[in-house]
Structures are given as C-alpha cells and as structure tokens.
Amino acid sequence: MVMQVQSKIVDRQVGRNAELFAQSIAKLDTKERRYPYLRILISIMEQAHPEWNQAPHKDYQVAHIIHVMSQGALDSDEIAQVVRVRDEERGIFYD
C-alpha cells in the first residue's frame, strides 16, 4: 500500500471523501458512465452549500469546484450540464 501526500482539502464543507469521489468519477471512460455519479456528487455539493441554490451562475460555480476537486480531470462544461439537468427537473431553467 502506497501512502500519498495529502493535499489541502479544496472544500471543507464536503471534505476529502468528496474529493476522492470526484477523482474516481474522472477515471470512468464515458459521459454516460460518469453521469449518475456526477449527480450524486452534485447533490452532496448542494447539501453542503444551500446558499448556492440562489446563485445566478450556480451551474458553473458547482462545476468549477468539482473540476478543482477532481484535480482538473473532470470537464467543467460536462458538470455544468448535469447541474442544469438536475435544476430543470425541479423547474429551474437557465437563460
């Protein structure tokens, strides 16, 4: 077992496990395989940051932090699209 050097936690509200989850999602090879796990991670982010629900650019705000948590391995546009789909299911639409 190899010990990795711990980096600073990107978002203390969700913690190290969410970062490791983001990095694991990035290893999946297709958007279709990543989609359900991104939805779970986005849900975790929304629960940790309820104040973001009113943000005008919530989709890109959530996408940026998840992109950073994944060490740049997840595409911000892909994540933002999943955020928009979740919001549209709730009746929230983007211009």
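Undergrad: What is the right way to read the overall build of the protein from this model?
TA: Secondary structure summary: the protein contains four helices and zero strands in total. Taken from the N to the C terminus, the helices and strands of the protein come in the order α-α-α-α. Here the protein has a C-alpha radius of gyration of 13 Å; the compact-globule value for 95 residues is 12 Å, and the two agree. Dimensions of the protein, computed from C-alpha atoms along their principal axes, come out at roughly 45 × 30 × 15 Å. Per-residue burial for the protein yields a buried fraction of 39% across its 95 residues. Just so you have it, the protein exposes about 6,300 Å², and 52% of that area is on carbon and sulfur atoms.

Undergrad: In this structure, what is going on with a nonpolar patch on the surface? I would like to understand it.
TA: There is a patch of nonpolar side chains on the surface, built from Tyr37, Ile40 and Ile44 and spanning about 250 Å² of accessible area. Tracing the backbone shows Ile40 in helix 2 (residues 31-48).

Undergrad: So what exactly am I meant to see when it comes to the packing of helix 2 against helix 3 (residues 58-69) here?
TA: Any two packed helices are characterised by how steeply their axes cross, that is the angle between the axes, and by the distance between the axes. The geometry of helix 2 relative to helix 3 is characterised by a closest axis approach of 11 Å and an angle of 110° between their N-to-C directions. Looking at the two axes, helix 2 sits roughly perpendicular to helix 3. In this structure, helix 2 crosses over helix 3, and the sense of that crossing is right-handed. Contacts between helix 2 and helix 3 pair Leu41, Ile42, Met45 and Glu46 from the former with Lys58, Val62, Ile65, Ile66 and Met69 from the latter. Looking at side-chain class alone, the contact of helix 2 with helix 3 contains seven nonpolar, no polar and two charged residues.

Undergrad: Where do I start with the pattern of salt bridges in this structure?
TA: Pairing is possible between side chains that carry opposite charge, provided their charged atoms lie close to one another. Within the structure shown, the criterion is met by 10 salt bridges. Arg16 is paired through a salt bridge with Glu19; the nearest N and O atoms lie 3.2 Å apart. Note that Arg16 and Glu19 are positioned in helix 1 (residues 15-26) at a spacing of three residues, about one turn of the helix. For the pair Arg16 and Glu19, one class covers both residues: buried. Note that Glu46 and Arg90 form a salt bridge whose closest N and O atoms lie 2.9 Å from each other. Linking Glu46 in helix 2 with Arg90 in the segment after helix 4 (76-89), this pair joins segments that are 44 residues apart in sequence. Judged by relative accessible area, Glu46 falls into the buried class, the value being 9%. For Arg90, a relative accessible area of 43% puts it in the partly exposed group. Ionic contacts of the salt-bridge type, sharing partners, join the residues Glu46, Lys58, Arg86, Asp87 and Arg90 into one network.

What counts, and at which threshold
- Residues numbered from 1 in each chain as written.
- Predicted model: local features only at pLDDT ≥ 70, side-chain atom pairs only at ≥ 80, totals over all residues.
- Heavy atoms only, no water.
- Helix = DSSP H or I, 4+ residues; strand = E, 2+ residues; numbered from the N terminus.
- Rg over C-alpha atoms; globule rule 2.2 N^0.38 Å.
- Buried < 20%, exposed > 50% of the residue type's maximum accessible area, 1.4 Å probe, protein only.
- Areas by Shrake-Rupley, 256 points an atom, 1.4 Å probe, with all protein chains shown as cover.
- Patch = residues over 30% accessible without salt bridge, like charges linked within 9 Å, V, L, I, M, F, W, Y side chains within 5 Å.
- Salt bridge = Lys/Arg side-chain N within 4 Å of Asp/Glu carboxyl O.
- Axes fitted to C-alpha atoms, helices over the stretch in contact; angles between N-to-C directions.
- Parallel < 35°, antiparallel > 145°, perpendicular 65-115°, else oblique.
- Left-handed = near helix turned anticlockwise from the far one by under 90°.
- Contact = heavy atoms within 4.5 Å.
- Nonpolar A, V, L, I, M, F, W, Y, C, P; charged D, E, K, R; others polar.

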